[in-house]
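Architecture at a glance
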Amino acid sequence: MNTTATTAKTADITSADSANTQALEDFDVSRPELFHQDNWQQWFARLRNEEPVHYCKDSVNGPYWSITNHADIKAVDSNPGVFSSEVGGISIADSVASDDPTLSIEAFISTDPPRHAAQRKTVSPSVAPSNLANMEPLIRERVIDILENLPVGETFNWVDKVSIELTARMLATLFNFPYEDRRKLVYWSDITTNVPQVTGIAVDMEARQQGLQECAMAFIKLWHERAAQEPTFDLISMLAHGETTKDMIDNPFLFLGNILLLIVGGNDTTRNSISGGVLALNQYPEEYEKLHDNPELIPNMVAEMIRWQTPVIHMRRTATQDYNLNGKNIKKGDKVLMWYLSGNRDESVFPDADKLIIDRKNARQHVAFGFGIHRCMGNRLAEMQIRILWEEIQKRFKKVEVVGEVVRVPNNFIRGIADLPVVLHPH
Ligand code: HEM
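Note that the coordinates shown come from a computational prediction; the quantities given were computed from them, not determined experimentally. (Residues numbered from 1 in each chain as written. Predicted model: local features only at pLDDT ≥ 70, side-chain atom pairs only at ≥ 80, totals over all residues. Heavy atoms only, no water.)

Re the overall build of the chain
Assigned secondary structure in the chain consists of 17 helices and twelve strands. Projected onto its principal axes, the C-alpha positions of the chain cover 55 × 55 × 40 Å. The 427 residues of the chain split such that 57% are buried. Of the roughly 17400 Å² that the chain leaves accessible, carbon and sulfur atoms contribute 53%. (Helix = DSSP H or I, 4+ residues; strand = E, 2+ residues; numbered from the N terminus. Buried < 20%, exposed > 50% of the residue type's maximum accessible area, 1.4 Å probe, protein only. Areas by Shrake-Rupley, 256 points an atom, 1.4 Å probe, with all protein chains shown as cover.)

So this is what it looks like as structure tokens:
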């Protein structure tokens, strides 16, 4: 690695106005430090204003296009015929060219029509409104249990005690996974997403491999148990009995990939929306006041929190033919990144976009769940979970106050918060 270049880039990022002075042709917005330092806003604002479809000729993950405004992101996301999820995978890290087979795992998020629809159709009833209504009382019970056992008046890390714990409980509910082992789901999700290609930091690949094997074994066991039983409405049972997915078990990469898709899909994303929401309300205290006075705003607030946080920073596609997008010639084989985080701060769609506005009229137009055929399958489940959490928080606490430094993760795929020190103030 060229250490001089690395130092120069790091220096650029920490400098306050470097985003305004650096030449656009040198922009590489995929650097994980941007998100680690939460210093990405001005870089993307400049791209949106001056070159919304931008080519980065060189990065750790090779050249790539950045799609940064709301309209262009929707155009790419709704055109799977030109922009494939299957050819190169869905993140900036190339899934096929990698030496690491666990980066090549298959899942329906990385497929194109017509394969995609068949697999999604089998799993999606598990998160359909009727099934969610069945899950709601159990999720509420588990939320209340978490909140009732929090330390009041002393500092603790909200991420660990609430965001992670709640998502672990929700995932265990969704899979009907052994409840006492629920934190394993979090660990497996973490090792799946924390790869050097997106974090910029080395990981113990052997431990990762071992963890993923343990995950596969646990789910293979569950699969066989559920396959031998009558179908139920948990995800594993649905996959094991689904006409188009029941043979998935014969293909370990496909099997592991789809399980991990559901774990990762439901874990990092919801976790960080929960943490981000607390942070946002603290940054905009007038909005916290608004919430106190208007608790009926909670459902809209949840959408706005997800827009504001945008836990999935980007999704990647690969062009399968030459294509002109917003005046730029994308070539067949090019890597195309849809920066959802940037699309959700597009001022032409969301005035005062950097601000959380809990009664924002068009909060639901955000692209944090993507757009088109791959639009997040678990979006209603995620919203339900966060809604229930805020309903129950409001009943108990006047404020969840952020009292210390926020620690973020270096990752250009997941916008993650690792540490959020808070103190609870009861009514
Ligand atoms: C706030 C929480 C969440 C956010 C922000 C989020 C975000 C996303 C995004 C950006 C995509 C890709 C969309 C695209 O390519 O157009 C996606 C897909 C997906 N998500 Fe979520 N997600 C969340 C929660 C969940 C939950 C709770 C589940 C639970 C099962 C889940 C399961 C999935 C699945 C299975 C896909 C693949 C859909 C497909 O390819 O057809 N997500 N999600």
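Topic: the sheet that holds strand β9 (residues 397–402)
Across the sheet, which stays open at both edges, the three strands sit in the order β4-β12-β9 with antiparallel pairing between neighbours. Two strands bound the open sheet, and with one partner strand each, they are β4 (156–157) and β9. Judged from the five bridges that link them, β9 and strand β12 (residues 421–426) form a sheet pairing that is antiparallel. The residue of β12 that forms the bridge with valine 400 is leucine 424. Each of β9 and β12 is contacted by helix α13 (residues 252–283), which is oriented at about 95° to β9, the strand it contacts most. Helix-sheet contacts for helix α17 (residues 379–396) involve β9 and β12, and the interaxial angle to β9 is about 110°. (Pairing = 2+ DSSP bridges. Contact = heavy atoms within 4.5 Å. Axes fitted to C-alpha atoms, helices over the stretch in contact; angles between N-to-C directions.)

Regarding the sheet that holds strand β1 (residues 53–56)
Taken together, five strands build an open sheet; the order of strands is β1-β2-β8-β5-β3 and the sheet is mixed. Only two strands of the sheet have a single partner each, and these edge strands are β1 and β3 (83–84). Summarising the sheet, β3 and strand β5 (residues 314–319) pair through two bridges and their orientation is antiparallel. Paired with serine 84 across the strands is threonine 318, a residue of β5. Set on the sheet, helix α5 (residues 70–77) makes contact with β1, β2 (64–67), β3, β5 and β8 (335–339); between it and β8 the angle comes to about 130°.

Here's the deal with the coordination of the iron atom of the ligand
Geometrically, a metal with four donors at the corners of a regular tetrahedron has ideal angles of 109.5 degrees, and one with six donors at the corners of a regular octahedron has ideal angles of 90 or 180 degrees. On the protein, Cys376 (SG) is the one donor atom to the iron atom of the ligand, at 2.3 Å. Looking at the element boundaries, cysteine 376 is found in the loop between α16 (340–343) and α17. (Donors = N, O, S within 2.8 Å, 3.2 Å for Na, K, Ca; no water.)

Quick notes on the confidence of the model for the chain
Averaged over all residues, the pLDDT of the chain equals 90, while 93% of them reach at least 70. Contacts from residues 1–11, a stretch scored under 50 in pLDDT, to residues over four places away or in other chains number four contacts. This stretch, residues 96–103, has a pLDDT under 50; its non-local contacts, to residues over four places away or in other chains, come to 14 contacts. (pLDDT = per-residue confidence, 0-100.)

Some words on the packing of α13 against helix α15 (residues 298–309)
Two numbers describe how α13 lies on α15: the axes approach to 9 Å, and their chain directions differ by 95°. Comparing the axis directions of α13 and α15 gives the class roughly perpendicular. The residues of α15 that touch α13, namely those facing Asn272, Ser273, Gly276, Gly277, Leu279, Ala280, Leu281 and Gln283, are Met301, Met305, Ile306, Trp308 and Gln309. A per-class count over the contact of α13 with α15 returns seven nonpolar, six polar and no charged. (Parallel < 35°, antiparallel > 145°, perpendicular 65-115°, else oblique. Nonpolar A, V, L, I, M, F, W, Y, C, P; charged D, E, K, R; others polar.)

Remarks on the pairing of β5
Within β5, six of the six residues are buried, which leaves the element mostly enclosed by the surrounding structure. The two faces of β5 match: His314, Arg316 and Thr318 on one face and Met315, Arg317 and Ala319 on the other face are all buried. Where β5 meets β8, five bridges bridge the pair, whose relative direction is antiparallel. Counterpart to histidine 314 in the pairing with β8 is tryptophan 339.

Quick look at the side chain of arginine 271
Summarising the element assignment, arginine 271 is placed in helix α13. In this structure arginine 271 comes out as buried when scored by relative accessible area, which is 8%.

Examining the pattern of salt bridges
Within the structure shown, the criterion is met by 36 salt bridges. A salt bridge links glutamate 86 to arginine 115, with the nearest nitrogen and oxygen atoms 3.5 Å apart. Of the two residues, glutamate 86 sits in the loop between β3 and α6 (115–123) while arginine 115 sits in helix α6, which places them 29 residues apart along the sequence. Taking the relative accessible area as the measure of exposure, glutamate 86 reaches 32% and is therefore partly exposed. For arginine 115, a relative accessible area of 37% gives the class partly exposed. Two residues, glutamate 214 and lysine 184, come together in a salt bridge whose shortest N-O distance is 3.5 Å. Note that glutamate 214 is positioned in helix α11 (residues 205–228) and lysine 184 in helix α9 (residues 182–193), a separation of 30 residues in sequence. Judged by its relative accessible area of 37%, glutamate 214 is partly exposed. (Salt bridge = Lys/Arg side-chain N within 4 Å of Asp/Glu carboxyl O.)

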